[in-house]
Amino acid sequence: MSSVPKHATPGFLVWRLSMKWRVAVDRAVAPLGLTHAQYSLVASLYGMHRAGRRPNQRQLADHTGLEPLYVSKLARALETAGVVDRTRDPADPRAVQLSLTQDGREVARRAIRIVQGLLDQLLEPLGGLAGERTEAFTNELATLLDVPLDTPLDPPAEFTSHPD
């Protein structure tokens, strides 16, 4: 029997799934000294480094969807742990560029392998990471993520007040 309420909304289900996956990733990367949010930064930096990019904190915030202030806080903690280097951006002296240290690259490689295995397990009902249903699910999620938030949303009619 499913633990999902019968009339759950898509938003509720996305929230529950994101919380379930966040907890799973937190547990999986904890032995490496990372949280899920730190993993998001480290894995993103690793991918950006492989693509020849050295992002500043704002660019990394845009990439991960995290708030810039939170990225700054996470980066400082990762710098203290010896995983990330923070330096002034030569193109913008107000900005801080981020890169992984040698230890950080090793932590990132290990964490990415762990999380890839976890995702394959979590996505098994859809055929695993390489499954056709997973690809379709990923495309649908990407479509929803592309919806801009700057458009004012009208509340559904049942939530608007009507004069009597």
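On a predicted model such as this, the values are computed, not experimentally measured, just so you know.

## What to know about the overall build of the chain
Then comes step 1: Looking only at helices and strands, the chain features six helices and two strands.
Then comes step 2: Each helix and strand of the chain, ordered N terminal to C terminal, gives the series α-α-α-α-β-β-α-α.
Then comes step 3: On C-alpha atoms alone, the chain measures out to a radius of gyration of 19 Å, which is more than a quarter above the 15 Å that the 2.2 N^0.38 rule sets for 164 residues.
Then comes step 4: In terms of overall dimensions, the chain has C-alpha extents of about 60 × 40 × 25 Å along its principal axes.
Then comes step 5: In the chain, which comprises 164 residues, the share counted as buried stands at 29%.
Then comes step 6: Relative to all contacts within the chain whose residues are 6 or more apart in sequence, the contacts with residues 24 or more apart total 43%.

## Re the environment of Glu124
Then comes step 1: Residue placement: Glu124 occurs in the loop between α5 (102-122) and α6 (132-145).
Then comes step 2: Considered as a pair, Glu124 and Thr134 are ten residues apart in the sequence and their alpha carbons are 8.9 Å apart.

## Here's the deal with a nonpolar patch on the surface
Then comes step 1: Together, Val4, Phe12 and Leu13 give the surface a local cluster of nonpolar side chains, amounting to about 220 Å² of exposed area.
Then comes step 2: In this structure Leu13 comes out as partly exposed when scored by relative accessible area, which is 35%.

## Overview of the pairing of strand β1 (residues 84-89)
Then comes step 1: Summarising the sheet, β1 and strand β2 (residues 92-100) pair through six bridges and their orientation is antiparallel. When the bridges of β2 are listed, Arg86 appears paired with Leu98.
Then comes step 2: Here β1 folds back onto β2 in antiparallel fashion, the turn holding two residues.

## Some points on the packing of helix α2 (residues 36-50) against α5
Then comes step 1: Here α2 crosses α5 at 110°, and the two axes come no closer than 9 Å. In this view, α2 runs roughly perpendicular relative to α5, as classed from their interaxial angle. Seen from α2, the contacting residues are Tyr39, Val42, Ala43, Tyr46 and His49; seen from α5, they are Gly104, Arg105, Ala108, Arg109, Ala111, Ile112 and Val115.
Then comes step 2: Looking at the contact of α2 with α5 residue by residue, the class counts come to eight nonpolar, two polar and two charged.

## Things to note about the nonpolar core
Then comes step 1: Of all hydrophobic cores here, the largest spans 31 residues; its most connected members are Leu34, Leu98 and Leu100.
Then comes step 2: Taken together, the elements giving at least two residues each to this core come down to α1 (10-29), α2, α3 (57-64), α4 (68-80), β2 and α5.
Then comes step 3: For this core, the leading source of residues is α2, giving eight residues.
Then comes step 4: Not counting chain neighbours up to four residues away, the residues in contact with Leu100 comprise Val42, Leu45, Tyr46, Val83, Val84, Arg105 and Ala108.

## Let's talk about the pattern of salt bridges
Then comes step 1: Under the defined criterion, the tally for this structure stands at four salt bridges.
Then comes step 2: Close ionic contact of Arg86 with Glu79 constitutes a salt bridge, the shortest N to O distance being 3.4 Å.

## Some details on the environment of Asp92
Then comes step 1: Mapped onto the fold, Asp92 is located in strand β2.
Then comes step 2: Separated by 36 residues in sequence, Asp92 and Asn56 have C-alpha atoms that sit 9.3 Å apart.

## Digging into the layout of surface pockets
Then comes step 1: Taken as a whole, the largest pocket holds about 2000 Å³ of empty space.
Then comes step 2: Lining the largest pocket are 41 residues, with Ser18, Trp21, His36, Leu141 and Leu145 positioned closest to its centre.
Then comes step 3: Mapped onto the lining of the largest pocket, the elements with two or more residues apiece are α1, α2, α3, α5 and α6.
Then comes step 4: Classifying every residue of the lining of the largest pocket by side-chain character gives 27 nonpolar, eleven polar and three charged.

Procedures and definitions
Counting of residues starts from 1 at the beginning of each chain's written sequence and follows it residue by residue. Only residues with pLDDT of at least 70 are given local features in this predicted model, and only at 80 or more are side-chain atom pairs given and counted; all residues enter the totals for whole chains, interfaces and linings. Calculation of side-chain values draws on the structure's entire complement of heavy atoms; hydrogens and water are dropped beforehand. Put simply, DSSP marks the helices as runs of H or I at least four residues long and the strands as runs of E at least two long, and each gets a number from the N terminus on. Only C-alpha atoms enter the radius of gyration; for comparison, a globular chain is expected to reach 2.2 Å times N to the power 0.38, where N is the number of residues. Relative accessibility thresholds used throughout: buried, under 20% of the residue-type maximum; exposed, over 50%; partly exposed, between the two (1.4 Å probe, protein chains only). Residue contacts follow a heavy-atom distance rule, with two residues in contact if any of their heavy atoms lie within 4.5 Å. For patches, a residue must show more than 30% relative accessible area and have no salt bridge; joins then use 9 Å for like charges and 5 Å for nonpolar side chains, namely Val, Leu, Ile, Met, Phe, Trp and Tyr. Surface exposure here means Shrake-Rupley accessible area, sampled with a 1.4 Å probe, where a residue is shielded only by the protein chains that are shown. The salt bridge criterion pairs a side-chain nitrogen of Lys or Arg with a carboxyl oxygen of Asp or Glu, the two atoms within 4 Å. Strands were regarded as paired on the criterion that DSSP finds at least two bridges between them. Angles shown run from 0 to 180 degrees and are taken between the N-to-C directions of axes, each axis being a line fitted to C-alpha atoms and, for helices, limited to the stretch in contact. Geometric relationships in this document are graded by angle, where less than 35 degrees denotes roughly parallel, more than 145 denotes roughly antiparallel, 65 to 115 denotes roughly perpendicular, and other angles denote oblique. By the convention adopted, Pro, Cys, Tyr, Trp, Phe, Met, Ile, Leu, Val and Ala count as nonpolar, Lys, Arg, Asp and Glu as charged, and the other residues, Gly among them, as polar. The criterion is simple. A nonpolar core is a set of buried Ala, Val, Leu, Ile, Met, Phe, Trp, Tyr and Cys residues joined through side-chain atoms within 4.5 Å. Of the grid points, spaced at 1 Å and generated over the protein atoms alone, those admitting a 1.4 Å probe that cannot get out make up cavities, while open sets with protein on both sides within 12 Å along at least five of seven lines make up pockets; any residue with an atom within 4 Å of a point is treated as lining. Grid points are joined across faces, edges and corners, and a volume is the space filled by probe spheres set on the points.

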